[in-house]
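Summary of the model geometry
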Amino acid sequence: MVLVLAAVGLASSDALLWTAAEWTTAPDLELDFIAPDRFDVLTKAVLIVAAVVKAALLWLILRPLMPGLLNDRERALRWLLYAAVAYSLVLWFPLMWLPDEVDLTLSLVLWGTIDVLYLLVIRWRARPLRAAAGVMFAVTLAASANDLLDELDLLDVEPGAVGALVVMVCGVAATVLTIIGQHRDGRWSRGTLILGWSSLSVYVLVYPLAFVSESDVFSGPSFVPQIVMDAAALVHTVWLAATAREMPSSGLPAEPLSPGRRRAARLAVAAVTVLPLVVLIRPESDPRTTFSGWSIGCDEWDGNFGDLKPEERDDVFVCRARSEMGGVPPMFPHTTSDQQILGYGRALCHAKDREEQEALLREAGSERASWGVDSRDLVYVCPEIVGATQPELLRTSEEAEAASRAYIAELNARCRDPWPRTKGVVQATANYSLFADGDYGYFVHDPEDEAGDTRADQAVERLYDDNTQVGVAGSAVLVGHLEDVIDLCLTVKAFRTAPPLRLAGWDQVTEVPITTPTGNLTVPEADGGDVGANAPMPNLAIEGKGRYRLRVYVRLAEEEEHLVVVFPGTSKKRLKLKTWEYASE
């Protein structure tokens, strides 16, 4: 069964290959984070080898019992060992849903009883050997009891690194002494003893595999150490099963099972062991939930549509549909499967109008039904439909960046220097982008002033002190816009002396004081963002630290145009040299 799953998984599905080797369903979210491109060749090879090895070990576990009579202690030990084997293979899964206290209690009782019966059943043939084994058993059981008491908040004894190392050494010693006892007893075969010694490989592999997983052997995080450790750990389970199988006392023959009864027993044990694993495998047609609103994998889809491979587009749509970033509810309820989300997405693409989209969202139980659906989401499931009317959504990141640069260059080209014959010591002309949903305006400020944030807040508070919409606070001046615009043309110039007023052709002219404690005065730049000047802005404090005068010219034409003139000056007066006639009414 396991080998069949491995073969099918290799041919079709990483999830089936994982199930064949690890005997659990593939951890979807973990795979998406650690192996977004699915398993590499090395991981697949290790999974296949692990599946074959574990299938062989499982066959050893299912071997029939040795014939012979047992006394009460031996019979109890046999069934308790098989209970430990069953726990290792399948019982851990249902117990996982119970509180940790229950699991720890059952484990403590089970292994405490097994250890006591080991001391009574195995013919140690040396009291010191039996006593040493008893001490090692006691230490490991004490560590388990401490874990249980800690979980119950009854005792909080932290063993520390040294204590944990002592417990591990005692666990290894307990296994070694048990194997020696089996050898001196004489009832257990050489194969069982070899399995016992091989079970110690788990302890041997811990440190090298931990080192390998943290080194640069793999290009990124890898499942390989986990797969190897899981396969090595199964050897211990095989040793327990072999110990139970060869329990009968020598010289007490019993009637062997008939071949038919032997096959029936083996099939029954195989069914109990394998069927729970089969139940865990979900059909491909079942609804699946790959992404959650806060899934780490969702953060990976931050590029443009054109950057994605065709097979990645559905995943991105599901991810965006489930997103709850910013406190926004997901597009569909959490219980909606991936397949249903994709189905609704394609139906939304073919909706005739906004009303039909809203009806589909209401049918799906969406909390965002009244919002409709953004084309930037739908493009991932129907690029041929969205791209026909909005081709810009199909761009790659490089194409989008080139289009953005071209758009900014076009905006800057529309802006002209209003005083072309009056050259400043430094100057610049550019488009200034404001927030699309409204903005106070733009700052002329000292970006290195330690009190800059406080000055900026004060300038905002003083913006509407009069109808000029110029807020002044020390090293920060906030210049408002007269109309509701998202772009304006801005020219800045710095002079060593006050330039002529030249009020003609301007709707509003205001002159205010500004200071700079560090010798820097400038206008914020967009620098790849959505707000700011779309070209480099110079330092307007051409005389260094000190007091300056700042004159703001504003006029309304096809676009709002601003001219900011800065020159040295000690006056603290606020001058309204020309007032916009609509603002004065």
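Strand order in the open sheet formed by three strands is β2-β4-β3, with antiparallel pairing between adjacent strands. Every interior strand has two partners, whereas the edge strands, β2 (441–445) and β3 (470–473), have only one. Neighbour to neighbour, the strand axes of the sheet diverge by 15 degrees on average, direction disregarded. As paired strands, β3 and strand β4 (residues 476–480) are joined by four bridges and run antiparallel to one another. The residue bridging Val470 from the neighbouring strand is Val479, located in β4. Strands in contact with helix α19 (residues 452–461) are β2, β3 and β4; relative to β4, the strand with the most contacts, it is inclined by about 35 degrees.

The next point concerns the state of the cysteines. Applying the stated rule across the entire model yields two disulfides. Covalent S-S linkage joins Cys349 and Cys382, the inter-sulfur distance amounting to 1.8 Å. Linking Cys349 and Cys382, the disulfide has an S-S dihedral of approximately -80 degrees and is accordingly described as left-handed. Within this pair, whereas Cys349 is found in helix α14 (residues 338–349), its partner Cys382 is found in the loop between α16 (375–378) and α17 (383–389), the two being separated by 33 residues in sequence.

Turning next to the environment of Asp72. Secondary-structure assignment places Asp72 in helix α5 (residues 72–95). A residue is classified by how much of its surface remains accessible, and Asp72, at 63% relative accessible area, is exposed. When the C-alpha atoms of Asp72 and Val121 are compared, they prove to be 10.0 Å apart, with 49 residues separating the residues in sequence.

Turning our eyes to something else, we now look at the layout of surface pockets. Space inside the largest pocket adds up to approximately 1600 Å³. For the largest pocket, the lining is made up of 47 residues, of which Tyr87, Ser88, Trp111, His236 and Leu240 are closest to its centre. Listing elements by their share of the lining of the largest pocket, those giving two or more residues are α2 (14–22), α5, α6 (100–121), α7 (127–151), α8 (160–185), α10 (201–214) and α11 (224–245). Each residue belonging to the lining of the largest pocket can be placed in one class, and the counts come to 30 nonpolar, twelve polar and five charged.

What follows deals with a negative patch on the surface. Side chains of Asp100, Asp147, Asp150, Glu151, Asp153 and Glu158 sit close together on the surface and give a patch of like negative charge. Structurally, Asp153 is set in the loop between α7 and α8. For Asp153, a relative accessible area of 70% puts it in the exposed group.

In this section: the packing of aromatic side chains. Tallied over the full model, the rule gives seven aromatic pairs. Their ring planes at 50 degrees and their centres at 5.8 Å tell us that Phe305 and Tyr380 sit as a pair that is tilted. Of the two residues, Phe305 sits in the loop between α12 (259–280) and α13 (313–322) while Tyr380 sits in the loop between α16 and α17, which places them 75 residues apart along the sequence. Judged by its relative accessible area of 8%, Tyr380 falls in the buried class. Grouped by ring-pair contacts, the aromatic residues Trp419, Trp506 and Tyr553 constitute a single cluster. A cation over an aromatic ring shows up here: Arg502 above the ring of Trp419, its NZ or CZ 5.1 Å from the ring centre. The lysine or arginine in question, Arg555, covers the ring of Trp506, its NZ or CZ lying 4.1 Å from the ring centre.

Bringing the nonpolar core into the picture now. Ranked by size, the top nonpolar core spans 40 residues in total, and within it Leu77, Leu81, Leu89 and Tyr118 carry the most contacts. Elements with a contribution of two residues or more to this core: α4 (41–61), α5, α6, α7, α8, α9 (190–199) and α11. Top contributing element to this core by residue count: α11, with eight residues. Grouped together as the second largest cluster of nonpolar side chains are 31 residues, Tyr432, Tyr442, Tyr548 and Trp580 included.

Calculation criteria
- Residues numbered from 1 in each chain as written.
- Predicted model: local features only at pLDDT ≥ 70, side-chain atom pairs only at ≥ 80, totals over all residues.
- Heavy atoms only, no water.
- Pairing = 2+ DSSP bridges.
- Helix = DSSP H or I, 4+ residues; strand = E, 2+ residues; numbered from the N terminus.
- Axes fitted to C-alpha atoms, helices over the stretch in contact; angles between N-to-C directions.
- Contact = heavy atoms within 4.5 Å.
- Disulfide = S-S within 2.5 Å.
- Buried < 20%, exposed > 50% of the residue type's maximum accessible area, 1.4 Å probe, protein only.
- 1 Å grid on protein atoms, 1.4 Å probe; cavity = no way out; pocket = protein on both sides within 12 Å on 5 of 7 lines; lining within 4 Å.
- Points joined across faces, edges and corners; volume = space filled by probe spheres on them.
- Nonpolar A, V, L, I, M, F, W, Y, C, P; charged D, E, K, R; others polar.
- Patch = residues over 30% accessible without salt bridge, like charges linked within 9 Å, V, L, I, M, F, W, Y side chains within 5 Å.
- Areas by Shrake-Rupley, 256 points an atom, 1.4 Å probe, with all protein chains shown as cover.
- Salt bridge = Lys/Arg side-chain N within 4 Å of Asp/Glu carboxyl O.
- Lys, Arg positive; Asp, Glu negative; His and termini not counted.
- Charge placed at Lys NZ, Arg CZ, Asp CG, Glu CD.
- Phe/Tyr/Trp six-rings, centres within 6.5 Å; stacked < 30°, edge-to-face > 60°.
- Lys NZ or Arg CZ within 6 Å of the ring centre and 35° of its normal.
- Core = buried A, V, L, I, M, F, W, Y, C linked by side-chain atoms within 4.5 Å.

Remember that the coordinates give geometry; whether it matters functionally is a separate question.
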